[in-house]
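Each chain is listed here by its residues.
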Amino acid sequence: MWRVLRENIPEKLMALSSAILIWLYVNAERNPTITQRFTVDVEVRHLQNGYEPPTVNPSQVTVVLTGMRSSVEQIAPRGIRATVDVSGLTEGKQRLPVQLNLTRDLLQDVQVEIIPPTVQVTLTRRISKTFKVECLFVNAPPEGYVYLAPVVYPETVVVSGAREQVNQVRRLIVNAVPQKMGDEVDDDLPVVALDAENRPVSGGVTIRPSYVRVVLKLAPVSLTKTVLVTPVWKGKPDPSVAIEEIVLEPRTVVISGKPEVLAQVHSVETEPIDIDNLTSDVTKSVALRSVEGAQLTTTNVRVTVRVRKLPERPAP
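Going along each chain's sequence as written, the residues are numbered from 1 onward. For this predicted model, a pLDDT threshold of at least 70 governs which residues receive local features, and a threshold of 80 or more governs which side-chain atom pairs are given and counted, while totals over whole chains, interfaces and linings are taken from all residues. Heavy atoms from the whole structure form the basis of all side-chain values; hydrogens and water molecules are not counted.

### A look at the overall build of the protein
Okay, step 1: Counting from the N terminus, the helices are the DSSP runs of H or I reaching at least four residues and the strands are the DSSP runs of E reaching at least two. Of regular secondary structure, the protein possesses 5 helices and 27 strands.
Okay, step 2: Partly exposed describes any residue whose relative accessible area lies between the buried limit of under 20% and the exposed limit of over 50%, with all areas from a 1.4 Å probe on protein chains only and scaled to the type maximum. Out of the 316 residues in the protein, the part that is buried amounts to 30%.
Okay, step 3: The contact definition used throughout considers only heavy atoms, calling two residues in contact when any of these lie within 4.5 Å. Long-range contacts, defined here as pairs at least 24 residues apart, represent 72% of the contacts in the protein between residues at least 6 apart.

### Side note on the sheet that holds strand β19 (residues 223-230)
Okay, step 1: Only strands that DSSP links by at least two bridges are regarded as paired with each other. Read across the sheet, 4 strands follow the order β23-β19-β22-β26 without closing on themselves; strand pairing throughout is mixed. The strands lining the two open edges of the sheet, one partner per strand, are β23 (267-269) and β26 (294-296). Each neighbouring strand pair of the sheet contributes to a mean axis angle of 40°, computed without reference to strand direction.
Okay, step 2: Taken together, the 3 bridges between strand β22 (residues 252-257) and β26 define a ladder with antiparallel strand orientation. In the strand pairing of β26, Gly-257 is matched with Ala-294. Here the axes come from fitting lines to C-alpha atoms, over the contacting stretch only for helices, and the angles between their N-to-C directions go from 0 to 180 degrees.

### Things to note about the nonpolar core
Generally speaking, nonpolar side chains in soluble globular proteins are found buried as a group.
Okay, step 1: Residues belong to a common nonpolar core when they are buried Ala, Val, Leu, Ile, Met, Phe, Trp, Tyr or Cys residues joined through side-chain atoms within 4.5 Å. Among the nonpolar cores identified, the biggest contains 24 residues, and Val-159, Leu-172, Val-212 and Val-214 are the most heavily contacted of them.
Okay, step 2: Counting only elements with at least two residues in this core, the list comes to β9 (126-136), β12 (156-162), β13 (171-175), β14 (185-190), β16 (205-208) and β17 (211-216).
Okay, step 3: If one sorts the elements of this core by residue count, β9 sits on top with 4 residues.
Okay, step 4: With residues near it in sequence (within four places) discarded, Leu-172 still touches Phe-131, Lys-132, Val-133, Glu-134, Val-157, Val-159, Val-191, Val-192, Ala-193 and Ile-207.

### Digging into the sheet that holds β12
Remark on secondary structure: sheet strands pair via backbone hydrogen bonds, oriented parallel or antiparallel.
Okay, step 1: An order of β15-β13-β9-β12-β16 is seen for the 5 strands of this open sheet, with the pairing classed as mixed. In this open sheet, the two strands that pair with only one neighbour each are β15 (192-194) and β16. Between one strand axis and the next, the sheet turns through 35° on average, direction left out of account.
Okay, step 2: Strand direction decides the pairing type here: β13 and β15, joined by 3 bridges, are antiparallel. Paired with Ile-173 across the bridge in β15 is Val-192.

### Examining the pattern of salt bridges
Okay, step 1: In what follows, salt bridge is the name for a side-chain nitrogen of Lys or Arg lying within 4 Å of a carboxyl oxygen of Asp or Glu. Under the defined criterion, the tally for this structure stands at 11 salt bridges.
Okay, step 2: When the shortest N-O distance is used, the salt bridge between Asp-195 and Arg-199 registers 3.1 Å.
Okay, step 3: Given a relative accessible area of 47%, Arg-199 falls into the partly exposed group.
Okay, step 4: Arg-289 serves as the salt-bridge partner of Glu-269, at 2.7 Å between the closest nitrogen and oxygen. Taken together, the residues span a long stretch of sequence, with Glu-269 in strand β23 and Arg-289 in the loop between β25 (282-287) and β26 at a distance of 20 residues.
Okay, step 5: For Arg-289, a relative accessible area of 30% corresponds to the partly exposed category.
Okay, step 6: What you see here is one network of salt bridges that share partners, running through Asp-195, Glu-197 and Arg-199.

### Structural notes on the side chain of Glu-52
Okay, step 1: Turning to its location among the elements, Glu-52 is positioned in the loop between β1 (33-45) and β2 (55-57).
Okay, step 2: Accessibility expressed as a relative area gives 12% for Glu-52, which makes it buried.
Okay, step 3: For the purposes of these results, a polar contact is taken to be a pair of N or O atoms within 3.5 Å, where, inside protein, one atom must be able to donate a hydrogen and its partner to accept one; residues adjacent in sequence count only when each atom of the pair is a side-chain atom. Engagement of the side chain of Glu-52 in a polar contact is seen with the side chain of Arg-126, the distance being 2.4 Å.

### Quick notes on the environment of Phe-38
Okay, step 1: Along the polypeptide, Phe-38 turns up in strand β1.
Okay, step 2: Residue class for Phe-38 comes out buried when judged on its relative accessible area of 12%.
Okay, step 3: In this structure, the C-alpha to C-alpha distance between Phe-38 and Pro-77, residues 39 residues apart in sequence, is 6.9 Å.
Okay, step 4: The residues contacting Phe-38, other than those within four sequence positions of it, are Val-61, Thr-62, Val-63, Leu-65, Pro-77 and Ile-80.

### Quick look at the pairing of β12
Okay, step 1: By the criterion of burial, β12 is predominantly enclosed, with 5 of the 7 residues buried.
Okay, step 2: Where β12 meets β16, 4 bridges bridge the pair, whose relative direction is antiparallel. In the sheet register, Gly-161 faces β16, and the bridge partner there is Val-205.

### So, the environment of Ala-294
Okay, step 1: Along the chain, the position of Ala-294 falls in strand β26.
Okay, step 2: Not counting residues within four places of it along the chain, the set of residues in contact with Ala-294 comprises Ser-256, Val-261 and Leu-262.

### Regarding unusual backbone geometry
Okay, step 1: The omega angle of the peptide bond from Asn-57 to Pro-58 is -5°, so this bond is cis rather than trans.
Okay, step 2: By the secondary structure assignment, Pro-58 is in the loop between β2 and β3 (60-68).
Okay, step 3: With an omega dihedral of -10°, the bond running from Arg-208 to Pro-209 counts as a cis peptide bond.
Okay, step 4: In this structure, Pro-209 sits in the loop between β16 and β17.

### Some details on the environment of Lys-234
Okay, step 1: By the element assignment, Lys-234 lies in strand β20 (residues 233-234).
Okay, step 2: Expressed as a C-alpha distance, the spacing of Lys-234 and Asp-274, which sit 40 residues apart in the sequence, is 5.1 Å.
Okay, step 3: For Lys-234, the contacting residues outside a window of four places in its chain are Pro-272, Ile-273, Asp-274, Ile-275 and Asp-276.

Below is the structure:
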């Protein structure tokens with residue numbers, strides 16, 4: 001038997017090699033090596049509270065799978081997730097590696113390439129600021145009427161978002177536009193954030209509430225009268241100073257109403273100005289007290305209280 005096996009060895013080796021090559025060829029035809037590419041969105045994991053949704057650049061990566069067809073086709077494109085982990089990171093720009101959710105079992109006989117392998121992630125803290133809402137309107141009432149001071153509710157709203165965008169906001173306005181010129185306004189209107197150049201700031205900020213109620217009423221003008229503003233204060237300044245001057249801007253205001261009412265009004269008082277323990281000059285906006293039966297065209301005045309230092313008393 002061994003003699004028979006040893007006969008024609010070169011021919012037998014050639015036949016075996018041919019059989020192996022044929023097997024490899026047939027197997028390659030049935031299960032060839034292929035390459036597939038998938039575009040996948042990059043997801044951010046473990047974002048801490050108090051941060052805005054981060055910016056990812058680029059926001060998508062290409063996943064390249066190379067291997068036997070049977071192995072590559074086991075990986076469903078919809079099941080591929082590309083992520084970056086931002087746990088423990090602080091505000092600023094970070095370059096982070098992209099990770100895939102594919103397990104070792106799925107990656108048997110499959111080579112994986114991520115293009116690009118890293119992405120830049122920008123983390124920004126969320127901040128909030130409170131602003132008073134200004135009401136803008138075209139002050140052109142019909143003849144014989146005057147617009148009263150607009151009422152805005154709520155008077156203040158909160159702007160929140162990324163630090164850079166929120167810091168751009170300088171004022172919040174609401175435009176009170178009547179349906180017809182000269183009409184009254186009583187409606188919920190959108191609040192608009194403006195920057196230092198009075199351009200809208202929209203992207204990256206959230207305004208809550210985003211609408212406020214605006215009431216803009218008309219009042220008949222019978223007579224008007226200009227009266228002085230009288231400052232009213234409470235408290236006493238620090239014993240080391242004395243009140244030198246109280247300046248009001250404006251010094252007078254115009255009121256309107258019936259003749260019999262205006263005849264009794266000679267001045268309009270401010271709300272009490274607190275000067276208790278005052279030690280230096282102060283400037284503030286102070287509301288005017290309402291006058292029964294009359295309307296004020298100005299509701300606030302600017303008050304500046306100037307003080308002077310008193311000489312120190314000699315020790316007894």
